[in-house]
Amino acid sequence: MALFTDADAVTLNDLQQFESALVEVASTHDINVSTKISLAISSIGDLLLLWLLRSFMSDPQWLTRRVLGLSTVVVTPTLYRWLCFESLSRFYSEAYNVQLNTRFQGKWTEYRTASQQAGEMVRLSGVGIVYHALPKPALPSVSTGTGNALEQTIFVQAAWVDSPGNEGALSPVNALTLPDSSSITVAMAEGDLGAPAAAAGWNVYVSTSQDATYRQNSSPLPIGSTWTLPVSGFIDGPAPIDGQVPNYFVIDPKRIQRG
């Protein structure tokens, strides 16, 4: 799962799972979807930070929470839905205020209610936290050279790994078309100086389609190193872990039932 502070934790594509006509509505009424997502993330982020700050010893990272901020918060499925529904609520609120269309008012009411319910679920189930954050890396650097690879389009991603083997979210996709008789070399855009403190290495993933991607290295690559396509070519290694799993959950202290 992605971290709350990862870039693109929620995107237009995520919202289109709920509203397939979102792009058409946004274009017709000149609504910036990215702005609505940013406002939703900012608003929910303020609430989450407040919950964590007042959780005291319920959060093992409480003493350093003001420094850490939300960098160790995981976007769990319940938090993901909250972010999506709050973004859609803000989107249809503007659509209604621009057009005063009752259809948009219905959507606004629907998603406002869904957002409130999703927020309540996060309060009850808890905010997922990791001890050691592995942020989503930037777009990996890919260079081409002479080799044995055939002409094809490939999709390259990378992820940070810590010493116990936990893996962060995948980087954005670097897509390129290889010429015939070629090879590639991949490097993390952050290099060794920009690696997160928790990282012990990194993994590289390559696919010939965007439907499935496979790890190309058998063990984590050292920070600052590069990966070059071997003569044997690409392999169908393990699939990505899809981000970090929370080490613990912090319940909103105002929601804890007292006996």
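See the structure printed just above.
Quick question: what am I supposed to make of the packing of aromatic side chains here?
Aromatic ring pairs are described here by two measures, namely the spacing of the ring centres and the angle between the planes. What the rule picks out here adds up to nine aromatic pairs. An angle of 65° between the planes, with centres 5.1 Å apart, marks the rings of Phe-18 and Phe-85 as edge-to-face. Placement of the pair is Phe-18 in the loop between helix 1 (12-16) and helix 2 (22-29) and Phe-85 in helix 5 (residues 77-99), with a sequence separation of 67 residues. The class for Phe-85 is buried, based on a relative accessible area of 14%. With 6.1 Å between their ring centres and 10° between their planes, Tyr-92 and Tyr-111 make a pair best called stacked. Of this pair, Tyr-92 sits in helix 5 while Tyr-111 sits in helix 6 (residues 102-125), and the two are 19 residues apart along the sequence. Each member of the pair, Tyr-92 together with Tyr-111, is buried. Through a chain of ring-to-ring contacts, three or more aromatic side chains come together here, namely Phe-18, Phe-85, Phe-91, Tyr-92, Phe-104 and Tyr-111. The ring of Trp-108 has Arg-112 lying over it, and the distance from NZ or CZ to the ring centre is 5.1 Å.

Help me understand the pairing of strand 5 (residues 182-187), please; the structure alone is not making it clear to me.
Remark: a regular strand shows side chains that alternate across the two faces of the sheet. In terms of burial, strand 5 is largely enclosed, as five of its six residues are buried. Where strand 2 (residues 141-149) meets strand 5, seven bridges bridge the pair, whose relative direction is antiparallel. Each residue of the ladder has a partner; that of Thr-144, found in strand 5, is Ile-184. With three bridges joining them, strand 5 and strand 8 (residues 226-228) adopt antiparallel strand pairing. Pairing of Val-186 across the sheet is with Trp-227, part of strand 8.

When you look at the packing of helix 3 (residues 33-53) against helix 5 in this model, what are you seeing that I'm missing?
Geometry of a packed helix pair, given as the angle between the helix axes and the separation of the axes. Packing of helix 3 against helix 5 brings their axes to within 8 Å, and their N-to-C directions diverge by 130°. By the angle between their axes, helix 3 is oblique relative to helix 5. Handedness of the crossing formed by helix 3 with helix 5: right-handed. In contact with Val-33, Lys-36, Ile-37, Leu-39, Ala-40, Ile-41, Ser-43, Ile-44, Leu-47, Leu-48 and Trp-51 of helix 3, helix 5 contributes Leu-79, Trp-82, Leu-83, Glu-86, Ser-87, Arg-90, Phe-91 and Glu-94. For the contact of helix 3 with helix 5, the residue count by class is 13 nonpolar, two polar and four charged.

Can you walk me through the environment of Asn-148 in this structure?
Relative to the helices and strands, Asn-148 is located in strand 2. Residues within four places of Asn-148 in sequence aside, it is in contact with Ser-182 and Val-231.

What is the right way to read the sheet that holds strand 7 (residues 214-215) from this model?
Strand pairing in a sheet relies on backbone hydrogen bonds. The paired strands run either parallel or antiparallel. With antiparallel pairing, the four strands of this open sheet are ordered in space as 4-3-6-7. The strands lining the two open edges of the sheet, one partner per strand, are strand 4 (174-178) and strand 7. Pairing geometry for strand 6 (residues 201-207) and strand 7, over two bridges, is antiparallel. The residue bridging Val-206 from the neighbouring strand is Tyr-214, located in strand 7.

Any chance you could explain the side chain of Thr-213 here in plain terms?
Turning to its location among the elements, Thr-213 is positioned in the loop between strand 6 and strand 7. Of the residues examined, Thr-213 reaches a relative accessible area of 12% and is grouped as buried. Those residues within four positions of Thr-213 in sequence are excluded, and the remaining contacts are Gln-157, Leu-170, Tyr-205, Val-206, Ser-207, Pro-238, Ala-239 and Pro-240.

How should I be thinking about unusual backbone geometry in this particular structure?
In terms of backbone geometry, most residues other than glycine have negative phi values and most peptide bonds are trans. We note that Asp-8 has phi near 60°; this positive angle belongs to a residue other than glycine. Considering the arrangement of structural elements, one finds Asp-8 in the segment before helix 1. At Ser-181, a residue that is not glycine, the phi angle is positive and equals roughly 60°. A relative accessible area of 42% means that Ser-181 is categorised as partly exposed.

I keep staring at helix 5 and nothing clicks. Help me out?
The periodicity of an α-helix, 3.6 residues per turn, causes residues three or four positions apart to be oriented the same way. Between its terminal C-alpha atoms helix 5 stretches 33 Å, which fits the 33 Å expected from 23 residues at 1.5 Å a residue. Where helix 5 ends, the next residue or the one after it, Leu-100, has phi of about 50°, a positive value.

I would appreciate a short explanation of helix 3 in the present structure.
In a regular helix each residue adds 1.5 Å, so 21 residues correspond to 30 Å; helix 3 covers 30 Å between its end C-alpha atoms and thus fits that length. Buried within helix 3 are the following residues: Val-33, Lys-36, Ile-37, Ala-40, Ile-44, Gly-45, Leu-48, Trp-51, Leu-52 and Leu-53. For helix 3, the N-terminal capping position is held by Asn-32, with its side-chain oxygen 3.0 Å away from the main-chain nitrogen of Ser-34.

What counts and how
Residues numbered from 1 in each chain as written. Predicted model: local features only at pLDDT ≥ 70, side-chain atom pairs only at ≥ 80, totals over all residues. Heavy atoms only, no water. Phe/Tyr/Trp six-rings, centres within 6.5 Å; stacked < 30°, edge-to-face > 60°. Helix = DSSP H or I, 4+ residues; strand = E, 2+ residues; numbered from the N terminus. Buried < 20%, exposed > 50% of the residue type's maximum accessible area, 1.4 Å probe, protein only. Lys NZ or Arg CZ within 6 Å of the ring centre and 35° of its normal. Pairing = 2+ DSSP bridges. Axes fitted to C-alpha atoms, helices over the stretch in contact; angles between N-to-C directions. Parallel < 35°, antiparallel > 145°, perpendicular 65-115°, else oblique. Left-handed = near helix turned anticlockwise from the far one by under 90°. Contact = heavy atoms within 4.5 Å. Nonpolar A, V, L, I, M, F, W, Y, C, P; charged D, E, K, R; others polar. Expected span 1.5 Å × (residues − 1). Polar contact = N/O pair within 3.5 Å; in protein donor to acceptor, adjacent residues only side chain to side chain.

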